[in-house]
Amino acid sequence: MGKENNIDGSTHSAKQNTLGENMNTKRDEGTIVYKMRDELNKYSAEKYNYYFQPSKNDMFSIIFGSLLSDNAPILHSRTRHFGYYDGYDTGHYVTIVFQNAGFGDSEVGGLAVMDNNRRDKFYGTRDISLDEAYNSIRGRYLIGVSL
């Protein structure tokens, strides 16, 4: 959103720590979804909301609207559904940074996510499919802006 300068901290890591403190993130428990939404809304011109296991069509629209308005959507995901996790399963937030509507639902590359996992083998920008994203939030949430 281009609001990095509004967050205390001189490095990317320090800024993440500030956000984590503001959201009351716990190392062993993570971050509660509504606290993530509330923190994002401090910086966004649009209003983020969270959607419990939206339909695939609704998910596509929320992702599209969020990216169109420069408000990256976030998957409150189960990692076992992402191919690059090779079956490793944990609850984890990943940020969607790109959507290619020309790809089929099962084609890897239809979405790109930024994964901030501390483990180097998972960290970075990764290509996933819409199906992987959809399956990762069954029983979980999509945080985004609905236009």
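Structure shown above.
This section reports on the structure supplied with the text.

### A word on helix α2 (residues 33-41)
Here comes step 1: Residues of α2 that are buried include every one of Val33, Met36, Arg37, Glu39, Leu40 and Asn41, and no others.
Here comes step 2: On its buried face, α2 is in contact with α1 (12-22), β1 (48-52), β2 (74-78), β3 (91-99) and β6 (141-145).

### Here's the deal with the pairing of β2
Here comes step 1: Burial analysis of β2 places four of its five residues in the buried class, the great majority of the element.
Here comes step 2: Where β2 meets β3, five bridges bridge the pair, whose relative direction is antiparallel. Looking across to β3, one finds that Leu75 is bridged to Val94.
Here comes step 3: By the bridge criterion, three bridges tie β2 to β6 in an arrangement that is antiparallel. Paired with His76 across the strands is Tyr141, a residue of β6.

### Details of the nonpolar core
Here comes step 1: Within the largest apolar cluster, 17 residues are counted, with the highest numbers of intra-cluster contacts made by Leu75, Tyr84 and Ile128.
Here comes step 2: Broken down by element, this core gets its largest block of residues, three residues, from helix α3 (residues 56-68).
Here comes step 3: Those residues within four positions of Ile128 in sequence are excluded, and the remaining contacts are Leu75, Phe82, Tyr84, Glu107, Val108, Gly109, Gly110, Leu111, Val113 and Ala133.
Here comes step 4: In terms of nonpolar packing, the next biggest core, distinct from the first, is built from nine residues, Val33, Tyr48, Ile74 and Tyr93 among them.

### A look at unusual backbone geometry
Here comes step 1: With a phi angle near 60°, Asn24 is a residue other than glycine that sits in the positive phi range.
Here comes step 2: Inspection of the secondary structure assignment puts Asn24 in the loop between α1 and α2.
Here comes step 3: Judged by relative accessible area, which is 39%, Asn24 ranks as partly exposed.

### Some points on the side chain of Asn41
Here comes step 1: Tracing the chain through its elements places Asn41 in helix α2.
Here comes step 2: Given a relative accessible area of 16%, Asn41 falls into the buried group.
Here comes step 3: Not counting chain neighbours up to four residues away, the residues in contact with Asn41 comprise Glu46, Lys47 and Tyr48.

Criteria and cut-off values
- Residues numbered from 1 in each chain as written.
- Predicted model: local features only at pLDDT ≥ 70, side-chain atom pairs only at ≥ 80, totals over all residues.
- Heavy atoms only, no water.
- Buried < 20%, exposed > 50% of the residue type's maximum accessible area, 1.4 Å probe, protein only.
- Helix = DSSP H or I, 4+ residues; strand = E, 2+ residues; numbered from the N terminus.
- Contact = heavy atoms within 4.5 Å.
- Pairing = 2+ DSSP bridges.
- Core = buried A, V, L, I, M, F, W, Y, C linked by side-chain atoms within 4.5 Å.

Shape descriptors only; they carry no functional weight alone.
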